[in-house]
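Structure at a glance
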Amino acid sequence: MALIQAEGLTKIYQSGKNEYQALHGVSFQIEKGEFVAVTGRSGCGKSTLLNILGGMDRQTQGRYLFEDADVSGMKNRALANFRNKKIGFVFQSFYLAGEMDAAHNVALPMGYGGVRAAQRRRRAAELLAEVGLENKLKSKPSQMSGGEQQRVAIARAIANSPSVLLADEPTGNLDHENGKQIMELLRRLNREGLTIVMVTHDLELAGQTDRLIKMQDGRIIE
Ligand SMILES: Nc1ncnc2c1ncn2[C@@H]1O[C@H](COP(=O)(O)OP(=O)(O)OP(=O)(O)O)[C@@H](O)[C@H]1O
Ligand SMILES: [Mg+2]
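These numbers come from a predicted model, not from an experiment.

The helix and strand inventory of the chain stands at 7 helices and 10 strands. Based on the C-alpha atoms only, the size of the chain along its principal axes is roughly 45 × 40 × 40 Å. Considering the chain as a whole, with its 222 residues, one finds that 48% of them fall into the buried category. When contacts within the chain are restricted to residue pairs at least 6 apart in sequence, long-range pairs at least 24 apart make up 72% of them.

Quick look at the structure:
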C-alpha cells in the first residue's frame, strides 16, 4: 500500500469570473519512508499540489488517497483531524507564533491533539534537543536566526509524529550554510523513518533525495 496515491488531480482556482487551472491531471504515488523532491518553475503548481496533499486545500477533480483513505471524501472536521494527526507542514517563512518562545511553539500542535501540559513541555524539550536547540527553549522567534527558527518549525511539525512531513521551500529564506543544515536535519529525520515531500528550487538539494518529481505548467513531466 502506497502512503500517498494521487490520481488525476486537477485544480481550478476561481476568482470572480476568472478561472485558472493550476493542476492538469496529476498522478503519482509516494511510498512510506521515501524522501521526494518536487521541482519546477515558479507558478507550475508545486504549492497547490502540496496544499492538497496536506489537506489545506481540496482538488477540483481526481482522487487523493492517504493510507488508502479517501481524503477528498472527508468533511471539514475529519479533514482538520487528518491534518493534525497525519501531516507535518513546514513553510519557507517559518510561521512561528512571534509572542511565544520556542518550547511553546513546538507544544502548540500537541495542545490541539489533547496532550496534557506537563507532557507537552517534556516532549517539546525533547524535540528541540533533537533539532539541536536544547539551549533555546525560552527564546522567542525574534531572538533566533532564520536557520534556528526553521528548526523550531520542523520540531513543531513533527510534534504529533505525523505520517509525512510536507515542506514548501524550507530553505528558501536561508543562506547556503543554514540551508545545508536544514537539509541535513531533514535527511536524518528521513533515515529515522519519516516520509518527506519537499518542494525546492535548489537542484543541489533536490539531488540529495530519493526521487524527483518535476512539474511544468500544472503537469508532472518527469
Ligand atoms: N488562490 C489562487 N487563486 C488564483 N490563482 C492562484 C491561486 N493560488 C495560486 N494560483 C495560481 O496557480 C498557479 C500555481 O501556483 P503555485 O503557488 O502552486 O505555484 P508554485 O509552483 O508553488 O510557484 P512558486 O515556485 O513561485 O512558489 C500560479 O499561476 C498561481 O498564480
Ligand atoms: Mg510555491
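Another point: the site of ligand 1. Inspection of the region around ligand 1 gives Tyr13, Tyr20, Ala22, Arg41, Ser42, Gly43, Cys44, Gly45, Lys46, Ser47, Thr48 and His201 as its neighbouring residues. Gly43 is positioned with one of its backbone polar atoms (N or O) 2.8 Å from an oxygen atom of ligand 1. Within the side chain of Lys46, one N or O atom sits 2.8 Å away from an oxygen atom of ligand 1. Relative to its unbound accessible area of 640 Å², ligand 1 is 62% covered by the protein chains. Of all elements in the fold, only β2 (18-30) and α1 (46-53) reach the threshold of two or more residues within the shell around ligand 1. Counting residues per element, the shell around ligand 1 draws most heavily on α1, which supplies 3 residues.

Attention shifts here to the packing of aromatic side chains. This model, assessed by the stated rule, comprises 3 aromatic pairs. Judged by centre distance (5.1 Å) and plane angle (80 degrees), the rings of Phe66 and Phe82 are edge-to-face. Highlighted residues: Phe66 in strand β4 (residues 61-66) and Phe82 in helix α2 (residues 76-86), separated in sequence by 16 residues. Grouping residues by exposure puts Phe66 and Phe82 together as buried. Taking 4.8 Å as the distance between ring centres and 10 degrees as the angle between the ring planes, the aromatic pair formed by Phe89 and Phe91 counts as stacked. Relative accessible area serves as the criterion here: at 12%, Phe89 is assigned to the buried category. The partly exposed category is assigned to Phe91, whose relative accessible area is 23%.

What follows concerns the pattern of salt bridges. This model, assessed by the stated rule, comprises 6 salt bridges. Between Arg63 and Glu7 there is a salt bridge, with the nearest N and O atoms lying 3.0 Å from each other. Of the two residues, Arg63 is situated in strand β4 and Glu7 in strand β1 (residues 4-15); the sequence distance between them amounts to 56 residues. Judged by relative accessible area, which is 31%, Glu7 ranks as partly exposed.

Quick look at the environment of Leu212 now. Within the secondary structure, Leu212 sits in strand β9 (residues 211-216). Look at Leu212 and you get partly exposed, because its relative accessible area is 34%. With 13 residues separating them in the primary sequence, Leu212 and Val199 have C-alpha atoms 9.8 Å apart. Setting aside residues no more than four positions away along its own chain, Leu212 makes contact with Ala37, Thr39, Ala206 and Glu222.

For the rest of this paragraph, the subject is helix α6 (residues 176-191). Helix length check: α6 (16 residues) gives 22 Å between terminal C-alpha atoms against 22 Å at 1.5 Å per residue, within 8%. By the burial criterion, the buried members of α6 are Gly179, Ile182, Met183, Leu185, Leu186, Leu189 and Asn190. The buried residues of α6 occupy one face: seen down the axis, they fall within an arc of 160 degrees. Opposite the buried face of α6, by more than 90 degrees, sit the exposed residues His176, Glu184 and Arg191. Check the buried side of α6 and you find it contacts β3 (35-39), α4 (117-130), α5 (146-157), β7 (164-168), β8 (195-199) and α7 (203-206).

It is worth spelling out α2 at this point. By the burial criterion, the buried members of α2 are Leu79, Phe82 and Asn84. Where α2 is buried, its residues touch α1, β4, β6 (87-90) and α3 (102-112).

Of the two faces of β6, both are covered, the one formed by Ile87 and Phe89 as well as the one formed by Gly88 and Val90. Strand direction decides the pairing type here: β6 and β7, joined by 4 bridges, are parallel. Opposite Phe89, over in β7, you have Leu166 as the bridge partner.

What counts and how
Residues numbered from 1 in each chain as written. Chains lettered and ligands numbered in written order. Predicted model: local features only at pLDDT ≥ 70, side-chain atom pairs only at ≥ 80, totals over all residues. Heavy atoms only, no water. Helix = DSSP H or I, 4+ residues; strand = E, 2+ residues; numbered from the N terminus. Buried < 20%, exposed > 50% of the residue type's maximum accessible area, 1.4 Å probe, protein only. Contact = heavy atoms within 4.5 Å. Near = heavy atom within 4 Å. Polar contact = N/O pair within 3.5 Å; in protein donor to acceptor, adjacent residues only side chain to side chain. Areas by Shrake-Rupley, 256 points an atom, 1.4 Å probe, with all protein chains shown as cover. Phe/Tyr/Trp six-rings, centres within 6.5 Å; stacked < 30°, edge-to-face > 60°. Salt bridge = Lys/Arg side-chain N within 4 Å of Asp/Glu carboxyl O. Expected span 1.5 Å × (residues − 1). Arc of directions from axis to C-beta. Pairing = 2+ DSSP bridges.

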